[in-house]
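These are the residues of each chain, in order.
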Amino acid sequence: MPLRDTLARIDADLAAGRIPVARQRLRGLVSSFPHDLTLRRRLAEVYRLYGETAQAGRWMYLEEDRDAAETSAFETRYETPAQRMRALAWQGPESLAATSFAREQLAAVRTACSEAVGHPVDWDGVPTEAEPEGSRRSLTGFLTGAGCLLAALAFLAIWVNGLIALFD
């Protein structure tokens, strides 16, 4: 469906009070047109109707006239630069941004993420986790893996015991 038709449906949904439907349509449009700052602004407006300041801040993050409280809520919810990169859902280089402020914001987030992971990253290859090796999450992952291995070994021991009992 053409962009103009989808925007008309969004306007109709909002006028009829179908805010969740309008939000979902806008999310789809932002996914299809990640460089369109107008769509991001409209999505932030819909999230304001819900009172979701972190999401409003997320979608207004690239705008110079953004609300400081919304920006702070976004940065609190998405603590690491890698989380912010994924949340912003940008695709391609910063040069595709329509404003210099948006380009600067995108570059700052990408640079912070690169520093956090220790190597250059780009918007099309956002790392899934940007924490150091010795972090708490790495320990949690190790303990989870060890627990799974222990459970598998216990299952194998019970199975072998049952097999031996069957032939005795």
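For the structure itself, consult the block above.
Computed from a predicted model, the values in this text were never measured in an experiment.

Participant: Tell me about the nonpolar core, and name the residues and values.
Facilitator: Core analysis: the largest hydrophobic core is formed by 17 residues, its most contacted members being Leu62, Leu88, Trp90, Leu106 and Trp123. Mapped onto this core, the elements with two or more residues apiece are helix H6 (81–88) and helix H7 (100–117). Contact partners of Leu106, with chain neighbours within four places excluded, come to Leu62, Leu88, Trp90, Glu94, Ala97 and Trp123. Of all hydrophobic cores here, the second largest spans 13 residues; its members include Ile10, Ala22, Tyr47 and Ala56.

Participant: Any details on the pattern of salt bridges? Residues and values, ideally.
Facilitator: Per the stated rule, a full pass over the model turns up 7 salt bridges. The residue Arg18 makes a salt bridge to Asp13 at a minimum N-O spacing of 2.8 Å. Accessibility expressed as a relative area gives 3% for Asp13, which makes it buried. We note a salt bridge from Arg48 to Glu70, for which the minimum N-O separation is 2.7 Å. Taken together, the residues span a long stretch of sequence, with Arg48 in helix H3 (residues 37–50) and Glu70 in helix H5 (residues 68–77) at a distance of 22 residues. By relative accessible area, which is 7% here, Glu70 ends up buried.

Participant: Help me get a handle on H5, residues and values and all.
Facilitator: Considered for burial, the residues of H5 that qualify are Glu70, Thr71, Ala73 and Phe74. On an axial view of H5, the arc spanned by its buried residues comes to 160 degrees, and they lie on one face. Within H5, the exposed residues directed more than 90 degrees away from the buried face are Ala68, Ala69 and Thr76. In this structure, the buried side of H5 is in contact with H3, helix H4 (53–60) and H6.

Participant: Could you give me a rundown of the packing of H5 against H6, with the residues and numbers involved?
Facilitator: It is the contact of H5 with H6, at a shortest axis distance of 9 Å, that shows an interaxial angle of 115 degrees. Residues Phe74, Glu75 and Arg77 of H5 pack against Gln83, Arg84, Ala87 and Leu88 of H6. When its residues are assigned to classes, the contact of H5 with H6 shows 3 nonpolar, 1 polar and 3 charged.

Participant: Which residues make up the packing of aromatic side chains, and what are the values?
Facilitator: For the structure on display, the rule yields 3 aromatic pairs. Geometrically, the ring pair formed by Tyr47 and Tyr50 is tilted, given 6.4 Å between the ring centres and 45 degrees between the ring planes. Taken together, the positions of Tyr47 and Tyr50, both in helix H3 and 3 residues apart, correspond to about one turn of that helix. By relative accessible area, which is 5% here, Tyr47 ends up buried. Where Tyr61 meets Phe74, the ring centres are 4.9 Å apart and the plane angle is 55 degrees; that geometry is what we call tilted. Of this pair, Tyr61 sits in the loop between H4 and H5 while Phe74 sits in helix H5, and the two are 13 residues apart along the sequence.

Participant: Report on unusual backbone geometry, specifying residues and quantitative values.
Facilitator: Phi at Ala89 takes a positive value of approximately 55 degrees, unusual for a residue other than glycine. Structurally, the position occupied by Ala89 is in the loop between H6 and H7.

Participant: Pulling in residues and values, what's your account of the packing of H6 against H7?
Facilitator: Remark: H6 packs on H7, axes separated minimally by 8 Å, with the N-to-C direction vectors making an angle of 140 degrees. Classed by the angle they form, the pair H6 and H7 counts as oblique. Every pair of crossing elements has a handedness; the one defined by H6 and H7 is left-handed. Taking contact as the criterion, the partners of Pro81, Ala82, Arg84, Met85 and Leu88 in H6 are, on H7, Leu106, Val109, Arg110, Ala112 and Cys113. Each residue belonging to the contact of H6 with H7 can be placed in one class, and the counts come to 8 nonpolar, no polar and 2 charged.

Participant: Can you break down a nonpolar patch on the surface residue by residue, with the values?
Facilitator: A contiguous nonpolar patch, built from Leu149, Leu153, Phe155, Leu156, Trp159, Val160, Leu163, Ile164, Leu166 and Phe167 and spanning about 1100 Å² of accessible area, is present on the exposed surface. Relative to the elements of secondary structure, Leu153 occurs in helix H8 (residues 136–167).

Rules of the game
Residues numbered from 1 in each chain as written. Predicted model: local features only at pLDDT ≥ 70, side-chain atom pairs only at ≥ 80, totals over all residues. Heavy atoms only, no water. Core = buried A, V, L, I, M, F, W, Y, C linked by side-chain atoms within 4.5 Å. Buried < 20%, exposed > 50% of the residue type's maximum accessible area, 1.4 Å probe, protein only. Helix = DSSP H or I, 4+ residues; strand = E, 2+ residues; numbered from the N terminus. Contact = heavy atoms within 4.5 Å. Salt bridge = Lys/Arg side-chain N within 4 Å of Asp/Glu carboxyl O. Arc of directions from axis to C-beta. Axes fitted to C-alpha atoms, helices over the stretch in contact; angles between N-to-C directions. Nonpolar A, V, L, I, M, F, W, Y, C, P; charged D, E, K, R; others polar. Phe/Tyr/Trp six-rings, centres within 6.5 Å; stacked < 30°, edge-to-face > 60°. Parallel < 35°, antiparallel > 145°, perpendicular 65-115°, else oblique. Left-handed = near helix turned anticlockwise from the far one by under 90°. Patch = residues over 30% accessible without salt bridge, like charges linked within 9 Å, V, L, I, M, F, W, Y side chains within 5 Å. Areas by Shrake-Rupley, 256 points an atom, 1.4 Å probe, with all protein chains shown as cover.

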